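For reference, the chains in residue letters:
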Amino acid sequence: MEKVFEKIKDSNTKRIAIMGGTFDPIHFGHLAAAENVRKLYGFDSIIFMPSGDPPHKIGISVSSAEDRYVMVQMATASNPYFKVSRMEIDRVGKTYTVDTIKELRVFWGDEAEIFFITGSDALLEIMTWKNPTELLSLCSLIAVARPGYKIEALKNKISELKKNYQSDIRIAKVASINISSTVIRNRVRSNLPIKYMVPECVESYIYKNNLYIDDKL
Ligand code: ATP
Ligand code: MG
């Protein structure tokens, strides 16, 4: 198993929190949500897991896994509680959350608590993911309300999932920031500033590597 997980296991932690995403690019919305959840639930660490070949982004051009991974590494470097995993980006073929959680479950055993953090939009469409019922049986979900999505819709979805699948889903009441990677990519394309939306190192990386500009749309 990857070093980042070996280290956490050595520390005898039995509560693992994963923040999955495409992170194209990572922005302050992701970082603030993760830090708020960490504090609220008292996690020792949050593991950012950039997706490899995201199955739901078919037809949308996504930056290379390496570019996205580097940006996540840089953006999280200053927070000692944030860690980054290469597990999904190193997997060959399409990556599905259920396969990742299954692997982590085998590694930690039945007694560990595995939490997967999702924003409202991700939670609302979770039943379209691969083997959602299995996923819901293997981990708990922490839903972060995202600006622009009705909290009622989120609450209804959670009640439905709890009722139908006995899943453990909690809403994290955190102040969330209204930013999306889509908006950032579009702003770069339109030559609009992204300062104060992403960490400075991410902003520099985007410009230096011409991400989102000479488009592969
Ligand atoms: P895109 O616009 O490309 O879909 P995104 O901003 O939604 O990008 P993702 O990488 O798709 O970012 O999201 C990863 C996870 O972070 C998802 O669970 C998503 O709901 C959550 N998330 C993204 N932005 C925010 C935000 N501003 N506040 C809270 N959660 C967020
Ligand atoms: Mg998204």
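Up top you'll find the structure we're talking about.
If you're wondering where the values come from, they're calculated on a predicted model, not measured in any experiment.

Thresholds, definitions, all that
Residues numbered from 1 in each chain as written. Chains lettered and ligands numbered in written order. Predicted model: local features only at pLDDT ≥ 70, side-chain atom pairs only at ≥ 80, totals over all residues. Heavy atoms only, no water. Pairing = 2+ DSSP bridges. Helix = DSSP H or I, 4+ residues; strand = E, 2+ residues; numbered from the N terminus. Right-handed = clockwise from strand over helix to strand, strands pointing away. Phe/Tyr/Trp six-rings, centres within 6.5 Å; stacked < 30°, edge-to-face > 60°. Buried < 20%, exposed > 50% of the residue type's maximum accessible area, 1.4 Å probe, protein only. Lys NZ or Arg CZ within 6 Å of the ring centre and 35° of its normal. Near = heavy atom within 4 Å. Polar contact = N/O pair within 3.5 Å; in protein donor to acceptor, adjacent residues only side chain to side chain. Areas by Shrake-Rupley, 256 points an atom, 1.4 Å probe, with all protein chains shown as cover.

Participant: So what about the pairing of strand β6 (residues 169-172)? Which residues, and what values?
Facilitator: Where strand β5 (residues 140-144) and β6 come together, 4 bridges link them in parallel fashion. Opposite Val144, over in β6, you have Ala172 as the bridge partner. Running through helix α7 (residues 151-165), the crossover from β5 to the neighbouring parallel element β6 is right-handed.

Participant: If you had to explain the packing of aromatic side chains to someone new, which residues and values would you point to?
Facilitator: Evaluation of the coordinates by the stated rule reveals 7 aromatic pairs. Ring centres 5.9 Å apart and planes at 25° place the aromatic pair Tyr41 and Phe43 in the stacked group. The residues Tyr41 and Phe43 share a single accessibility class, namely buried. An aromatic cluster is defined as three or more aromatic residues linked by ring pairs; in this entry it consists of Phe5, Phe107 and Trp108. A cation over an aromatic ring shows up here: Arg86 above the ring of Tyr69, its NZ or CZ 4.6 Å from the ring centre. Positioned over the ring face of Tyr196 is Lys195, at 6.0 Å from the centre of the ring.

Participant: Kindly report on the site of ligand 1, identifying the contributing residues and their values.
Facilitator: The immediate surroundings of ligand 1 are formed by 21 residues, with Gly119, Asp121, Ile177, Ser181 and Thr182 found nearest. For ligand 1, an oxygen atom lies 2.9 Å from a polar atom in the side chain of His27. Contact distances for ligand 1 include 2.4 Å between an oxygen atom and a side-chain N or O atom of Thr182. In isolation ligand 1 exposes 600 Å². Once the protein is present, 91% of that is buried. If you list the elements that add at least two residues to the shell around ligand 1, you get β1 (15-21), α2 (28-41), β4 (113-119), α5 (120-124) and α8 (181-189).

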